[in-house]
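So the chains spell out like this:
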Amino acid sequence: MIVDCNTLFGFWPRRKLKSDLDSVKAEAASHGITKSCICSIRGIFADHTDGNDETLKVCKSDPSLEPVATLNPHRWLDLNSEIDMRLAQGVRMFRFFPEYQHWPYRFMPFYRILSMLEGSGVMVVCPARVGGHQNNGVMTQIAALAGEYDLKFLITGVYYGNLAEAIAVAQSEERIFLETHLVNSPDGFEVLVKEVGAERLIYGSQSPLHHVNTSLFPLLHAAINDEDKEKILHANISRELGWTECK
Amino acid sequence: MQIVDVHGHIGKWTFPMRCSAVKHLKDYMLGCGIDKTIVSYSSAITYDFVEGNQRLAEAMEGEDGVWGYIVLNPHYFKESVTELDKHKGNPKFVGVKLHPEQQVYRLIHKNVLGLLERVSDLQLPVLVHTFPGQTHDLCRVAREFPRVKFIMGHMGGNDWIDGIEAARDRENIWLEPCSSFPDAGKINRAVEAVGAERVLFGTDSTLLNPCFIWGMLQDAGLDHEELRAITHRNAQTMFRF
């Protein structure tokens, strides 16, 4: 069983890409992915309410899709009602895109959002790669937020260049989990399992922006035991989101 | 299918990883079915190129499947010329590596041009690390040295679309797409722009896991002939394997 915690669908405006829902689902199915946590691209670049509506709609009709809502702190207006509505609809993951929306983690509107989400038990998905290649220090900022807000944080974009920071923040904050689509150092999984434990790692592909095998091959070939691979591939996210079993 | 990886390394990196020796590289080559890897020594890029090249020469001795790049540092022109002279007779060294980002220089600097004149005479392919800022310089020097075969390593990194376009009409530039920006479609776009005959397979191992790039290539949906060209045929021709 494979759960992909990091997928998008919709129209990608920044380069030509097959990112419509059917293409994303076909890509997942062809790689044995049984469940995809999915977020509308409309919510990133256009209106988050429209995007979240779209996400909820497609997930409602397909049990292999788990809705991921997104919020743009710049929008500000009606954030409270947007959050209340998505929580009432059962959304368990809220994903943020500061790398495209140009806001920093030290950002008062983002703090407000985190305050609104506190206590709901949801997972907040945040990218580490904000501000370009080898831009370290971002995860340290997320760790500070994890220490302050009672929320689970899933950090995407861990790769060789920020691996030390990823290990340090995961070791210092138990509410931090690391997503794996970019774990690309040769022994990245071996090092992470040893340093932070397989329980803190969650598989994602970043499909359709990336091909699935880019992230799946390194994990499947990693010299870690099968039990740890199962945790990374599906068990950890199932546990953290309170799924009794995959739909 | 044979696989030649034209972009590898041995030596330590300043990141949390324990892969540095030829035996580690070979383990990863085996895991991905890679037959040959052409490597540079990490500290030749990040620190002392003369010492690093020597370490690579020693590490490659008697090793099947591993070939080397002579790293040059244009800040040290005379020493770089000496490096070429020292290693040009070693059949394990089959190319030259330039890393303008790490060593902080521009490819259009007169020292680089002076070194490329010598490289042109030696008929050695040149692997150039390219992230944004270096691709257009590479195209300029490629125009000045039409006999030199250049490899655009990383294909411009996060600005790979610009890298591809810059190389489109420079027939002595081959594209090599490995990086930590494994965007879907980038290999296909490279093939569309320059043809599979001018795309090479590189992994950046042992800085990166070769499976990471191998997975990207596997999912690119290329036909068998395109895959053959990229995985080994182009490299065999370029490096005369």
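The rules we used
- Residues numbered from 1 in each chain as written.
- Chains lettered and ligands numbered in written order.
- Predicted model: local features only at pLDDT ≥ 70, side-chain atom pairs only at ≥ 80, totals over all residues.
- Contact = placed C-beta atoms within 7 Å.
- Helix = DSSP H or I, 4+ residues; strand = E, 2+ residues; numbered from the N terminus.
- Nonpolar A, V, L, I, M, F, W, Y, C, P; charged D, E, K, R; others polar.
- Buried ≥ 20, exposed ≤ 12 C-beta atoms within 10 Å, placed from the backbone.
- pLDDT = per-residue confidence, 0-100.
- Axes fitted to C-alpha atoms, helices over the stretch in contact; angles between N-to-C directions.
- Parallel < 35°, antiparallel > 145°, perpendicular 65-115°, else oblique.
- Pairing = 2+ DSSP bridges.
- Left-handed = near helix turned anticlockwise from the far one by under 90°.
- Arc of directions from axis to C-beta.

Caption draft 1: Structural detail: the interface of chain A and chain B. Residue-level contacts link 27 residues of chain A with 27 residues of chain B. Elements represented by at least two residues in the side of chain A that touches chain B include exactly helix 8 (163-172), helix 9 (188-196) and helix 10 (212-220) of chain A. With six residues, helix 10 of chain A is the largest single contributor of residues to the side of chain A that touches chain B. Of the residues in the side of chain A that touches chain B, the class split is 15 nonpolar, ten polar and two charged.

Caption draft 2: Examining helix 9 (residues 186-194) of chain B more closely. Residues and elements named next belong to chain B. Inspection of helix 9 places K186, I187, R189, A190, V191 and V194 among the buried residues, and these make up the whole buried set. In this structure, the buried residues of helix 9 make contact with helix 8 (160-167), strand 7 (173-176), helix 10 (210-218) and helix 11 (224-239). Count one or two residues on from helix 9 and you reach G195, which has phi positive near 90°.

Caption draft 3: Inspection of the confidence of the model for chain B at higher detail. Per-residue confidence for chain B gives a mean pLDDT of 96, with 100% of residues at or over 70. Under the prediction, the complex receives an ipTM of 0.83, its pTM being 0.90.

Caption draft 4: How the structure looks around the packing of helix 7 (residues 138-148) of chain A against helix 8 of chain A. All names here are of chain A. Look at helix 7 against helix 8: their axes get within 9 Å of each other, and the N-to-C directions meet at 10°. Here helix 7 is positioned roughly parallel relative to helix 8, judged by the angle of their axes. Residues M139, T140, I142 and A143 of helix 7 pack against E165, A166, V169 and S172 of helix 8. A class-by-class count of the residues in the contact of helix 7 with helix 8 yields five nonpolar, two polar and one charged.

Caption draft 5: Quick look at the sheet that holds strand 8 (residues 201-202) of chain A. Residues and elements named next belong to chain A. Taken together, eight strands build an open sheet; the order of strands is 1-2-3-4-5-6-7-8 and the sheet is parallel. Two strands lie at the open edges of the sheet, namely strand 1 (3-9) and strand 8, each paired on one side alone. As judged from the three bridges shared by strand 6 (residues 152-156) and strand 7 (residues 176-179), these two strands associate in the parallel manner. Among the inter-strand pairings, I155 is bridged to a residue of strand 7, identified as L178. Of the strands in this sheet, strand 5 (123-127), strand 6 and strand 7 touch helix 7, which is tilted by about 170° from strand 6.

Caption draft 6: The packing of helix 7 (residues 135-144) of chain B against helix 8 of chain B, seen in detail. Residue and element names in this part refer to chain B. Axis separation between helix 7 and helix 8 bottoms out at 9 Å; the angle between their running directions is 15°. When the axis of helix 7 is compared with that of helix 8, the two are roughly parallel. Crossing handedness for the pair helix 7 and helix 8: right-handed. In this structure, helix 7 contributes T135, H136 and C139 to the contact, and helix 8 contributes D162, G163, A166 and A167. Along the lines of polarity and charge, the residues of the contact of helix 7 with helix 8 split into three nonpolar, three polar and one charged.

Caption draft 7: Region of interest: helix 7 of chain A. Residues and elements named next belong to chain A. Three or more residues of helix 7 are buried, namely V138, M139, I142, A143, L145 and A146. When helix 7 is viewed along its axis, its buried side chains cluster within an angular range of 160° and face the same direction. Across from the buried face of helix 7, at angles greater than 90 degrees, the exposed residues are G147 and E148. Taken together, the buried residues of helix 7 touch helix 6 (108-117), strand 5, strand 6, helix 8 and strand 7.

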